[in-house]
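Structure at a glance
Below, each chain spelled out in residue letters.
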Amino acid sequence: MSTATDTARTSPPDAGGESAHRELFRHNRALLDSRLLARVEEIERGWILPLVDSLDSSGEPVPDRAAWQRLLDGLLAEERAGSPSGEYLADHATREEFTFVVREFALDGLTEAQNFFPAVPRLPIKAQMAVMRVLIDEFGCGNLQQAHSQLYRLLLAELGLPQEPEGFLDTTGDETFQFLNVFYWLTQRAPHVEYFLGALAYLEASIPDAFTHQARACERLGIRQGRYYTEHLHIDTFHMQEMQLAIKEYEAAYGLDPARLWTGARLLSGLIGGAFDVAVARARELSGRAAA
């Protein structure tokens, strides 16, 4: 997971003190004119493009979709074994530390899946339907009370945090901004949509295990609005199947380079894993309980 994090740290703040990753997030959610788009592409050339090139050139051979599935299963099994950060959050974090981690990922929870839509027209119709079934669930099938972003708002409210994205622009770390920004590139500017398919397939398959740590922490700490996490434990198993179907349908319609799926999966694994580890480490530092 270190490759993605180490690469991102090479991006310096601009002259005004704002990091390139925070700036990129702002631009990604704005109406882009030619000047701003040029700036977006400039930042991405110094960050995501060399990272993807490195992953493309260093991965295992992936001759077919079955090989991709085996590699993904192996990555998921490795992550399922757990991490020190996840175990600490689940079993030892204080309410203050847990609140810090929730705050760190608030921009993700409050904008969940909004950046996936531009990928849809890049897919054949049957793959579009599979991805849209995922997106419909993310937005609660049109029911505000079931929408994942609304569930996150309820969690934020219980913890005494703001409930709108603007409240977190100045508190979110660069590692988290990288995870947020990567899907804008994957869906809109990546030269091959297989990177997106691989990344989202990995994400949907990994979340049910990853979010068990947050769900355990909520139960242990008596946090009532933990449904954001428990809902993912249920629904993302279905989403994992839909993403595999989307990949199968993409292959049937257009052909497939499964190595790009594997690059997408490793890309996201590195970014989200790095962001989570850093968030937990910073929470522990701020509370005076840093790991020895």
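Residues numbered from 1 in each chain as written. Predicted model: local features only at pLDDT ≥ 70, side-chain atom pairs only at ≥ 80, totals over all residues. Heavy atoms only, no water.

Observations concerning the packing of aromatic side chains
Here is the rule we go by: Within 6.5 Å between ring centres, the rings of Phe, Tyr and Trp (the latter by its six-membered ring) count as paired, and their orientation is classed by plane angle as stacked under 30 degrees, edge-to-face over 60, tilted in between. Numbering of helices and strands runs from the N terminus; a helix is a DSSP stretch of H or I covering at least four residues, while a strand is a stretch of E covering at least two. Relative accessibility decides the category of a residue: with a 1.4 Å probe and only protein chains considered, values under 20% of the type maximum give buried, values over 50% give exposed, and everything between is partly exposed.
Per the counting criterion, the structure on display carries twelve aromatic pairs. When the ring of phenylalanine 98 is compared with that of tyrosine 229, the centres are 6.3 Å apart and the planes differ by 70°; the resulting orientation is edge-to-face. Of this pair, phenylalanine 98 sits in helix 7 (residues 95-104) while tyrosine 229 sits in helix 13 (residues 227-254); the two residues are 131 residues apart in sequence, bridging distant segments of the chain. Across the pair, exposure class does not vary: phenylalanine 98 and tyrosine 229 are buried alike. Taking 5.3 Å as the distance between ring centres and 85° as the angle between the ring planes, the aromatic pair formed by tyrosine 228 and tyrosine 229 counts as edge-to-face. Note on accessibility: tyrosine 228 and tyrosine 229 belong to one class, buried. Among the aromatic residues, those joined into a cluster by ring pairs are Phe98, Tyr152, Phe211, Tyr228 and Tyr229.

Topic: the side chain of arginine 266
Under the convention used in this document: In this charge count, Lys and Arg are treated as positive and Asp and Glu as negative; neither His nor the chain ends contribute. The rule for a salt bridge is simple: a side-chain nitrogen of Lys or Arg has to be within 4 Å of a carboxyl oxygen of Asp or Glu.
Tracing the chain through its elements places arginine 266 in helix 14 (residues 258-286). Although buried, arginine 266 forms no salt bridge, and the nearest oppositely charged side chain, glutamate 60, lies 4.8 Å from it.

Considerations on helix 10 (residues 148-158)
The condition that has to hold: Pairs of residues are marked as contacts when any of their non-hydrogen atoms sit within 4.5 Å.
Counting buried residues along helix 10, nine of its eleven residues qualify, which places the element largely inside the surrounding structure. Among all positions of helix 10, only His148, Ser149, Gln150, Leu151, Tyr152, Arg153, Leu155, Leu156 and Glu158 are buried. At its buried positions, helix 10 is contacted by helix 7, helix 8 (106-110), helix 9 (125-138) and helix 13.

With respect to the packing of helix 4 (residues 48-58) against helix 14
What counts here: Axes, fitted as lines to C-alpha atoms, cover a helix only where it is in contact. Angles between the N-to-C directions of the axes lie from 0 to 180 degrees. Working rule for angles: under 35 degrees goes down as roughly parallel, over 145 as roughly antiparallel, 65 to 115 as roughly perpendicular, anything else as oblique. If you view the pair so one helix is near and one far, a crossing is left-handed when the near helix is turned anticlockwise from the far one by less than a right angle, and right-handed when it is turned clockwise. Each residue is assigned to one class: nonpolar for Ala, Val, Leu, Ile, Met, Phe, Trp, Tyr, Cys and Pro, charged for Asp, Glu, Lys and Arg, and polar for all the others, Gly among them.
Between helix 4 and helix 14, whose axes approach to 9 Å, the crossing angle comes to 125°. If you check the angle between helix 4 and helix 14, you find them oblique. The hand of the helix 4/helix 14 crossing is right-handed. Listed contacts from helix 14 to Ile48, Leu51, Val52, Leu55, Asp56 and Ser58 of helix 4 are Thr263, Arg266 and Leu267. The residue inventory of the contact of helix 4 with helix 14, partitioned by class, reads five nonpolar, two polar and two charged.

Re the packing of helix 6 (residues 84-91) against helix 14
The geometry of helix 6 relative to helix 14 is characterised by a closest axis approach of 9 Å and an angle of 50° between their N-to-C directions. When the interaxial angle is binned, helix 6 and helix 14 end up oblique. Taken as a pair, helix 6 and helix 14 cross one another with a handedness that is left-handed. Within the contact between the two elements, helix 6 uses Ser85, Gly86, Tyr88 and Leu89 and helix 14 uses Phe276, Asp277, Val280 and Arg284. Partitioned by chemical class, the residues of the contact of helix 6 with helix 14 number four nonpolar, two polar and two charged.

Thoughts on the confidence of the model for the protein
Which entries qualify depends on this criterion: Residue-level confidence of the predictor is what pLDDT reports, using numbers from 0 through 100.
Averaged over every residue, the pLDDT of the protein is 93; the share at 70 or more is 94%. In this model residues 1-15 is a low-confidence stretch, pLDDT under 50, and it forms 29 contacts with partners more than four residues away in sequence or in other chains.

Notes on the pattern of salt bridges
On inspection of all chains with the given rule, the structure shows 16 salt bridges. We note a salt bridge from arginine 224 to glutamate 158, for which the minimum N-O separation is 3.8 Å. Within this pair, whereas arginine 224 is found in the loop between helix 12 (194-221) and helix 13, its partner glutamate 158 is found in helix 10, the two being separated by 66 residues in sequence. Given a relative accessible area of 17%, glutamate 158 falls into the buried group. A network of salt bridges, in which partner residues are shared, links Glu23, Arg39 and Glu42.

A few points about the nonpolar core
Condition: Here, the term nonpolar core denotes a set of buried Ala, Val, Leu, Ile, Met, Phe, Trp, Tyr and Cys residues that are joined through side-chain atoms within 4.5 Å.
The biggest cluster of nonpolar side chains holds 87 residues, and the ones touching the most others in it are Phe183 and Tyr229. Per-element tally for this core: the top contributor is helix 12, with 14 residues. With residues up to four places along the chain from it excluded, the contact list for tyrosine 229 reads Phe98, Val102, Tyr152, Leu155, Phe211, Gln214, Ala215 and Cys218.

Observations concerning the side chain of histidine 148
The test is simple: For this analysis, a polar contact is any N or O atom pair within 3.5 Å, provided that within protein one partner can donate a hydrogen and the other can accept it, and provided that sequence-adjacent residues contribute only side-chain to side-chain pairs.
Positionally, histidine 148 belongs in helix 10. A residue is classified by how much of its surface remains accessible, and histidine 148, at 1% relative accessible area, is buried. A polar atom in the side chain of histidine 148 sits 3.1 Å from the side chain of glutamate 112. A polar side-chain atom of histidine 148 sits 3.4 Å from a polar atom in the side chain of histidine 232. Setting aside chain neighbours within four positions, we find histidine 148 in contact with Gly109, Glu112, Asp137, Glu138, Tyr228, Glu231, His232 and Ile235.

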